[in-house]
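Each chain, letter by letter, is given below.
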Amino acid sequence: MLIDWFTVLAQVVNFLILVWLLKRFLYRPILDAIDAREQRIARELADADAKKAEAQQERDAFQHKNEAFEQQRAALLCKATDEAKAERQRLLDEARQAADTLAAKRQETLKSEQQSLSAALSSRAREEVFAIARKALGDLAGASLEERMGEVFVRRLRSMDAKAKAGLGAALQSAPGIVRSAFDLPAEQRAAIQKALNETFSADIHIRFETAPDLVSGIELATDGHKLGWSIADYLESLEQRVGELLTEQDKPTAQPAQDTAVAKQQ
Amino acid sequence: MHLSPDGIIFWQSGFLKINATIAFTWALMLVLVVGSKLVTRKLSRGLERSRWQNLLEIVVSAINGQIAEVGLRRPEKYLGFLGTLFLFVAMASLFTIVPGYEPPTGSLSTTAALAICVFVAVPLFGIEDRGLGGYLREYLKPTVIMLPFNIISELSRTLALAVRLFGNMMSGTMILAILLTITPFIFPIALSALGLLTGMVQAYIFFILATVYIAAATRTRKAAPEAIHAVKAEAKPDAKAEPEHRQ
């Protein structure tokens, strides 16, 4: 008999014991170790993935920041450049304006100086001329000249036009007239003037005689708002006026070249 | 010369006895358990590990992979039983290189014991997985007429398991013993190498057939694709087993 039933039984028991023992000492520890290792590897891989993702995220964030920084920097630089340009322009404009103002002021000053100089020169010349003329005429004034002047005054009185005569006559009627002369008039002359007045206005005219040295040489009749006279001073005044006008006219054309020279100097 | 190591009796007391089969089985058990204990005593859970641990990991994960490949959904659950079947048969063959050793699998008692274990384990796993009714209903498929044939098939495959392994192991030992008496040089070595190969193949066949039987018993509707795979796997070892059986 090939089968020994006791051995079969014993082997079944042996086999079952072996199954239990190997489960206990072989399969479970080995499988646990494999599982642990697999878990560890999986964990490490997951960690690596997480780290990679994190790194990627950080890289992205860094790149983003860098880009933002670059943009900000570029914007700031652009702004600064613009501001610098604007500041430069402003300063240039200010400087130009200041230069213009200064130039204009200098020109103005030059012009006014020139004008005042020329005015001073002309007035001085005029004054000198007339002072000389006055002095000469004053020196020349004498009895015969006074006399002659009286005659001229009387003639002028008589040859007045009707309108002037009416105005003066009305004025003399209301108020007494004043006859001014550079020197005391002699009695004959005073009588001749009184007579001429009375005849001219056909009335008894009240007049008063006064001496006024500033008339230079001459006689004038003044009453309420009306005046009639003849004096060298009048001639001189009208002459002075005309000379003054002439000088003013001359100044105008000479002012332009003077301004040109001022600009040329400034440049 | 003994046909089976059962004949070599070291100690006997009435019904109880210790023969070579039991003694060598114990020796194998000792080697397996002590070896496992030694290696797994200081297991490394990191990436660095000892070569023995590496070897055991390869063996265990290969067995696990094979079970999964046949179509069992939770291979760890069956690893204890099926893995031990393979390791025991394989180690029994491997130790034939030790002089004076008689493989316990060369005894029909051992192979019958292993076949009985499979015979009992298959319905146990089947009932555990799909319930008693579900398991028993399998015998009535495809029709009730098939019930006796299914029962015969169940018994015959158990017998086939036992006899196939016994025949192969015994024949290997016998041929070696005969050759030793005829040509004591060279040939026994070649035959011994061949015997090792046969032993490994037998261990694999025994293991894979047991796995396929369990897979067939625990087959559920949910695991339909796995079942197809399992049927294929069953067909292959059978085809391989037939020529072996004829030896």
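Our subject is the structure listed above.
To start, this report covers the structure provided alongside it.

1. Focus: the overall build of chain A
Part 1: Along chain A, the regular secondary structure elements total 5 helices and 4 strands.
Part 2: Residue burial in chain A is summarised as follows: out of 267 residues, 28% are buried.
Part 3: The long-range fraction of contacts in chain A, counting pairs at least 24 apart against all pairs at least 6 apart in sequence, stands at 80%.
Part 4: For chain A, the exposed surface amounts to about 18,200 Å²; the carbon and sulfur share of it is 57%.

2. Describing the overall build of chain B
Part 1: Along chain B, the regular secondary structure elements total 7 helices and 2 strands.
Part 2: Each helix (α) and strand (β) of chain B, taken in turn from the N terminus, gives the series β-β-α-α-α-α-α-α-α.
Part 3: Every one of the 247 residues in chain B was classed for burial, and the buried ones make up 45%.
Part 4: Of the contacts made within chain B by residues no fewer than 6 positions apart, 68% connect residues no fewer than 24 positions apart.
Part 5: Here chain B has roughly 12,800 Å² of accessible surface; of this, 70% comes from carbon and sulfur atoms.

3. Considerations on the packing of helix H5 (residues 147-182) of chain B against helix H6 (residues 187-217) of chain B
Residue and element names in this part refer to chain B.
Part 1: Packing of H5 against H6 brings their axes to within 10 Å, and their N-to-C directions diverge by 175°. On the basis of their axis angle, the class for H5 and H6 is roughly antiparallel. Facing Arg157, Leu161, Arg164, Leu165, Asn168, Met169, Ile175, Leu176, Leu179 and Leu180 of H5, the residues of H6 in contact are Phe187, Pro188, Leu191, Ser192, Thr198, Gly199, Gln202, Ile205, Phe206, Leu209 and Tyr213.
Part 2: Grouping the constituent residues of the contact of H5 with H6 by class yields 14 nonpolar, 5 polar and 2 charged.

4. Considering helix H3 (residues 75-94) of chain B
Part 1: Of all the bends in H3 of chain B, the largest measures some 40° and sits at Phe81 of chain B.
Part 2: With 17 of its 20 residues buried, H3 of chain B lies for the most part within the structure.

5. With respect to the side chain of Gln11 of chain A
Part 1: Residue placement: Gln11 of chain A occurs in helix H1 (residues 5-140).
Part 2: Polar contacts involving the side chain of Gln11 of chain A include one to the side chain of Thr25 of chain B, which spans 2.7 Å.
Part 3: If we ignore the near neighbours within four places in the chain, the residues touching Gln11 of chain A are Thr21, Ile22, Thr25, Pro104, Thr110 and Ala113 of chain B.

6. Digging into unusual backbone geometry
Most peptide bonds adopt trans geometry, and most residues besides glycine take a negative phi value.
Residue and element names in this part refer to chain B.
Part 1: Omega for the peptide link from Lys141 to Pro142 comes to -5°, which places this bond in the cis form.
Part 2: Topologically, Pro142 is positioned in the loop between helix H4 (108-137) and H5.
Part 3: Non-glycine residue Ile186 carries a positive phi angle of around 60°.
Part 4: Tracing the backbone through its elements, the reader meets Ile186 in the loop between H5 and H6.
Part 5: Given a relative accessible area of 65%, Ile186 falls into the exposed group.

7. Notes on a negative patch on the surface
Part 1: A contiguous patch of negative charge on the surface is contributed by Asp32, Asp35 and Glu38 of chain A together with Glu76 of chain B.
Part 2: By residue number, the principal contributor to the negative patch is H1 of chain A, which donates 3 residues.
Part 3: For Glu76 of chain B, the location among the structural elements is in helix H3.

Calculation rules
Residues numbered from 1 in each chain as written. Chains lettered and ligands numbered in written order. Predicted model: local features only at pLDDT ≥ 70, side-chain atom pairs only at ≥ 80, totals over all residues. Heavy atoms only, no water. Helix = DSSP H or I, 4+ residues; strand = E, 2+ residues; numbered from the N terminus. Buried < 20%, exposed > 50% of the residue type's maximum accessible area, 1.4 Å probe, protein only. Contact = heavy atoms within 4.5 Å. Areas by Shrake-Rupley, 256 points an atom, 1.4 Å probe, with all protein chains shown as cover. Axes fitted to C-alpha atoms, helices over the stretch in contact; angles between N-to-C directions. Parallel < 35°, antiparallel > 145°, perpendicular 65-115°, else oblique. Nonpolar A, V, L, I, M, F, W, Y, C, P; charged D, E, K, R; others polar. Bend = angle between axes of the 7 residues up to and from the residue. Polar contact = N/O pair within 3.5 Å; in protein donor to acceptor, adjacent residues only side chain to side chain. Patch = residues over 30% accessible without salt bridge, like charges linked within 9 Å, V, L, I, M, F, W, Y side chains within 5 Å. Salt bridge = Lys/Arg side-chain N within 4 Å of Asp/Glu carboxyl O. Lys, Arg positive; Asp, Glu negative; His and termini not counted. Charge placed at Lys NZ, Arg CZ, Asp CG, Glu CD.

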